[in-house]
Amino acid sequence: QDGTLSARADCFDVDVRKVLLSEQAAKESLEQVKKFGRRLDDGKVSQKLAQSLEEFCSCVGEREYVKANKAYMDIVMGARKWQ
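Residues numbered from 1 in each chain as written. Predicted model: local features only at pLDDT ≥ 70, side-chain atom pairs only at ≥ 80, totals over all residues. Heavy atoms only, no water.

A contiguous patch of positive charge on the surface is contributed by Lys 35, Arg 38, Arg 39 and Lys 44. Positionally, Arg 38 belongs in helix H2 (residues 23–41). Judged by relative accessible area, which is 47%, Arg 38 ranks as partly exposed. (Patch = residues over 30% accessible without salt bridge, like charges linked within 9 Å, V, L, I, M, F, W, Y side chains within 5 Å. Areas by Shrake-Rupley, 256 points an atom, 1.4 Å probe, with all protein chains shown as cover. Salt bridge = Lys/Arg side-chain N within 4 Å of Asp/Glu carboxyl O. Lys, Arg positive; Asp, Glu negative; His and termini not counted. Charge placed at Lys NZ, Arg CZ, Asp CG, Glu CD. Helix = DSSP H or I, 4+ residues; strand = E, 2+ residues; numbered from the N terminus. Buried < 20%, exposed > 50% of the residue type's maximum accessible area, 1.4 Å probe, protein only.)

What follows covers a nonpolar patch on the surface. A contiguous nonpolar patch, built from Leu 5, Phe 12, Val 16, Leu 20 and Leu 21 and spanning about 380 Å² of accessible area, is present on the exposed surface. Residue position: Leu 21 is located in the loop between helix H1 (14–20) and H2.

Okay, unusual backbone geometry next. The phi torsion of most residues other than glycine is negative, and most of the peptide bonds are trans. Positive phi, close to 60°, is recorded for Arg 63, a residue that is not glycine. Relative to the elements of secondary structure, Arg 63 occurs in the loop between helix H3 (47–61) and helix H4 (65–77). Under the relative-accessibility criterion, Arg 63 is labelled exposed at 65%.

The next point concerns the pattern of salt bridges. For the structure on display, the rule yields 3 salt bridges. Across the pair Lys 27 and Glu 23 runs a salt bridge whose closest N-O atoms are separated by 3.4 Å. Of this pair, Lys 27 and Glu 23 both sit in helix H2, 4 residues apart, roughly one helical turn. A relative accessible area of 47% places Lys 27 in the partly exposed class. Residue classification places Glu 23 among the exposed positions, given a relative accessible area of 57%. Residue Asp 74 pairs with Lys 70 through a salt bridge whose shortest N-O separation is 2.9 Å. Taken as a pair, Asp 74 and Lys 70 lie in helix H4 at a separation of 4 residues, close to a single helical turn. According to the relative accessible area criterion, Lys 70 is exposed, its value standing at 53%.

Here it is as structure tokens:
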């Protein structure tokens, strides 16, 4: 495997494949990541969110995927309880 998405594109639903292989979607994602990075640099992101992102990235880097998943869920869901 060469590690590219196109090499594994057949594993995805046709609609997902279109987005994943779209050059336009990649450009838009890159711009949004840059924009978010600038907000982080400028301190325009809450300290709690920045700490949570740091925890998530550290866990991924250490291949602690269960902990990374928990950190991710804390970021997107917070401490909300399901009813």
